[in-house]
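Observations on chain architecture
For reference, the chains in residue letters:
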Amino acid sequence: MKKNNVGTGVGFVLILVWCLLPVAWIISLSFKSPEETAAGSPQFLPKDATLQNYRDILDNPDFVDALRNSFGIALIATFLSVVFATLAAYAIARLEFRGKKAVLSLALAIAMFPVVALVGPLFDMWRTFGLFNTWPGLIIPYMSFTLPLAIWTLAAFFREIPWELEQAAQVDGATSWQAFRKVIVPLAAPGVFTAAILTFFFAWNEFVLAISLTSTTGSRTVPAQLSYFVGPDPFNPPYGQLATASVVVTVPIIIIVLIFQRKIVAGLTSGAVKG
Amino acid sequence: MSTTVATPAAQEPQRTDKPAKANVTARSVAENRLGLRLVAPAVILMLLVTAWPMIQALYLSMFRYRLTAPDDKEFVGLGNYATVLGDSLFWQDTFNTVLIMVVTVAVELVIGFAFAMVMHRIIFARGLMRTSILIPYGIITVVSAFAWQFTFSVNNGWVNSWFEWLPWIGPDTNWFGDHWPAMFAIMVSEIWKTTPFMSLLLLAGLSQVSEDMLEAAKVDGATWWQRLFKVILPNMRAAIMVAVLFRALDAFRIFDNIFVMTKGAQDTESSSFLTYRQVIEQLQLGMGSALSVLLFLTVLLLAWLIVKLFRVDLAQARGEG
């Protein structure tokens, strides 16, 4: 038993190093001055830590625009996707109807769909419909690609809800609206919330469609903007600024993870094991 | 949030009222109709952005069609497919993609399982562990690619100085100057970012293995390895299959890491990258669509293969055990 505990402790430290070292590295890099990285600075920590990169990046209108686009597009796509997924998941968890299996299989197939295969036709269609380089042009595909994950997660959550409680509350004199608000919403909310977090992660991370279906900072999201941020010399990218931008866009992720870690783990694994 | 869930319940009274008046069949008809109505928006949305463009791609793939010269659009039948399948670049990229998929999934399975074992056993700092394991999962892939690109950078990376003691690494080792080192760097970034997801899926499977069974095996004198291979792994086959299926198909779509780290230089291009380049950079919609269709078919084939492979494998494992 003792030997096992030592092994677990060592594993624990290794996991922390594995997960956090690259994050520590970009944070450290973000404090290195442009002069230091231009001259070549292979040591881990900065020689003279400076906030210059943060001032530059937050003054950069392209980056600020991209941040706004990312937040806007990801939040709207998340909201709409979760609304539709909730309807579908409710039906899948509670109702008997023909085609239930087909819907679940379709969702699974779309979760595995190679997104790049759609870039060509979508590019063509979006230009015809005037959706190219607009927010809806990204929101619509993001909804479609997050729906499967949201439906599976929510259906797994909804199956666990003791729906009889609703009837019980009504028997005790609650109106159906009260029964829904006071009994079902508190039970369903954690699942809906978890699905929203996972959906947000997807939309915040998405890259292929973001570079293919946008052309200006009017709708380009952060991942796409970062990849265009290479600077004049491809062999000498602006390390410090890129690292700083990376840190800035990772902050929301870290905050969400810190607050909701338990829910995220539950959401990620629920659909997989029970589905 | 309440608006989000309000709609299904708004339909609720309608559903519960019905059975009181009508007979069983009418009730099930109504339930059927409501169910279809509730899933319809999601299904339409999913099909609108996948099935419809895919049909479009199938149609466009039969044409020589370059966006800069739309008037020269010309029907070529299966000509684009013949061109693609006869091109060594296509096969090189497919090989790269399959190699990345196989290596990363295999490595992730091992590391992910080790992580899952640690997370399963650990009794302290569970919150800290969960938080740190979710950071690579949540981080933007482009950011991960930059972090690792800088890690392997000649002038500004720490790999060369930290691992100088290895015979094949020196202070001037240029990781992005040759095919294999560049592939290695790309795979490291991919593995770092996605191992947490794998380990969480495996952890879910691991926690379903019955402790009693493990205890019984121990009492019967099974060694640690025997318990691992004869008890733990066979009992988590469902979780392993789900993890491998999801990750393999995800790895097959690899794009972000390659785009950021090498832009396809040193023959590190993947199938997704080739498709993207044809469509967006060269505006060859016809050829690009043919590539899209082939990519789609490959993914279908892979999914089928993985499902098949695991069934066969598991049947054998059961026979042996």
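Residue numbers restart at each chain and count upward from 1, following the sequence in its written direction. Whichever chain is written first is A, and whichever ligand is written first is 1; the rest continue in order. This being a predicted model, a pLDDT of at least 70 is required before a residue's local features are given, and a value of 80 or more before pairs of side-chain atoms are given or counted; all residues contribute to the totals for chains, interfaces and linings.

1. What to know about the overall build of chain B
Where helices and strands are cited, they refer to DSSP runs of H or I of at least four residues and of E of at least two residues respectively, numbered from the N terminus. Per the secondary structure count, chain B includes 15 helices and two strands. Considering only contacts within chain B whose residues lie at least 6 apart along the sequence, 68% involve residues at least 24 apart. Placing C-beta atoms from the backbone, we regard two residues as in contact once those atoms come within 7 Å.

2. Quick word on the overall build of chain A
Looking only at helices and strands, one finds twelve helices and zero strands in chain A. Beginning at the N terminus, the succession of helices and strands in chain A can be written as α-α-α-α-α-α-α-α-α-α-α-α. With the principal axes as the frame, chain A shows a C-alpha extent of 75 × 65 × 35 Å. Counts of 20 or more other C-beta atoms within 10 Å of a residue's own C-beta define buried residues, counts of 12 or fewer define exposed ones, and intermediate counts define partly exposed ones; C-beta atoms are placed from the backbone. Taking all 275 residues of chain A together, 49% fall into the buried category.

3. A look at the nonpolar core
Generally speaking, soluble globular proteins have nonpolar side chains that are buried together. Ranked by size, the top nonpolar core spans 166 residues in total, and within it Ala-85, Ala-88, Leu-147, Ile-151 and Leu-154 of chain A together with Ala-42 and Leu-202 of chain B carry the most contacts. Per-element accounting of this core gives the leading share, 16 residues, to helix H7 (residues 135-160) of chain A. Boundaries of every domain are those given by an automatic assignment or by a domain database. When residues are assigned to domains, this core turns out to be shared by domain 1 (2-60) and domain 2 (80-320) of chain B, each giving three or more. Among all residues touching Ala-88 of chain A, those that are not within four sequence positions of it are Val-103 and Ile-151 of chain A together with Leu-38, Val-39 and Ala-42 of chain B. What makes a nonpolar core is a set of buried Ala, Val, Leu, Ile, Met, Phe, Trp, Tyr and Cys residues, with links drawn between C-beta atoms within 7 Å.

4. Description of the pairing of strand S1 (residues 63-66) of chain B
All names here are of chain B. Where burial is concerned, the two faces of S1 differ: the one with Phe-63 and Tyr-65 is buried and the one with Arg-64 and Arg-66 is not. Note: two strands are recorded as paired if DSSP finds a minimum of 2 bridges between them. Strand direction decides the pairing type here: S1 and strand S2 (residues 69-75), joined by three bridges, are antiparallel. Counted as the bridge partner of Arg-66 is Ala-69 from S2. A loop of two residues connects S1 with S2, the two strands running antiparallel in sequence.

5. Points about the packing of helix H7 (residues 141-151) of chain B against helix H9 (residues 179-206) of chain B
Residues and elements named next belong to chain B. Geometry is summarised by axes, namely lines fitted to C-alpha atoms with helices restricted to the contacting stretch, and by angles between N-to-C directions that run from 0 to 180 degrees. Two elements in contact, H7 and H9, have axes whose closest approach is 9 Å; the angle formed by their N-to-C orientations is 130°. It follows from the interaxial angle that H7 and H9 lie oblique. Relative to H9, H7 is oriented so that their crossing is right-handed. Here Thr-141, Ser-144, Ala-145 and Trp-148 of H7 lie close against H9, whose contacting residues are Ala-185, Val-188, Ser-189, Trp-192 and Lys-193. All residues other than Ala, Val, Leu, Ile, Met, Phe, Trp, Tyr, Cys, Pro, Asp, Glu, Lys and Arg, Gly among them, are scored as polar; the first ten of these are nonpolar and the last four charged. Looking at the contact of H7 with H9 residue by residue, the class counts come to five nonpolar, three polar and one charged. Orientation is classified from the angle alone, with under 35 degrees giving roughly parallel, over 145 giving roughly antiparallel, 65 to 115 giving roughly perpendicular, and any other angle giving oblique. Crossing chirality is assigned from the near helix's rotation relative to the far helix, an anticlockwise turn below a right angle marking it left-handed and a clockwise turn marking it right-handed.

6. Regarding the interface of chain A and chain B
Taken together, the contact between chain A and chain B spans 91 residues of the former and 88 residues of the latter. The leading source of residues in the side of chain A that touches chain B is helix H12 (residues 239-274) of chain A, at 19 residues.

7. Structural notes on the environment of Val-105 of chain B
Position of Val-105 of chain B relative to the elements: it lies in helix H5 (residues 88-121). In this view, Val-105 of chain B contacts Val-244, Arg-247, Ala-248 and Ala-251 of chain B; residues no more than four positions away in its chain are not counted.

8. Notes on the confidence of the model for chain B
All names here are of chain B. Note on scores: pLDDT gives the predictor's confidence for each residue, bounded by 0 and 100. Scored by pLDDT, chain B comes out at a mean of 83, with 89% of its residues at no less than 70. Mean pLDDT in chain B bottoms out at helix H1 (residues 2-10), which sits at 37, and peaks at H5, which reaches 93. Below a pLDDT of 50 lies the segment residues 1-22, which in the model reaches 29 contacts outside its immediate sequence neighbourhood of four places, other chains included. Counting contacts from residues 312-321, a segment whose pLDDT is below 50, to residues more than four positions away or on other chains yields four contacts. Two numbers describe this predicted complex: its pTM, 0.85, and its ipTM, 0.88.

9. Things to note about helix H10 (residues 211-219) of chain B
Among the nine residues of H10 of chain B, zero are classified as buried, and the element is accordingly described as predominantly exposed. A positive backbone phi angle near 90° is found at Gly-221 of chain B, which sits one or two residues after H10 of chain B.

10. Remarks on the domain arrangement of chain B
Domain boundaries assigned for chain B yield domain 1 (2-60) and domain 2 (80-320). When grouped by side-chain class, the residues that make up the side of domain 1 of chain B that touches domain 2 of chain B number four nonpolar, no polar and no charged.

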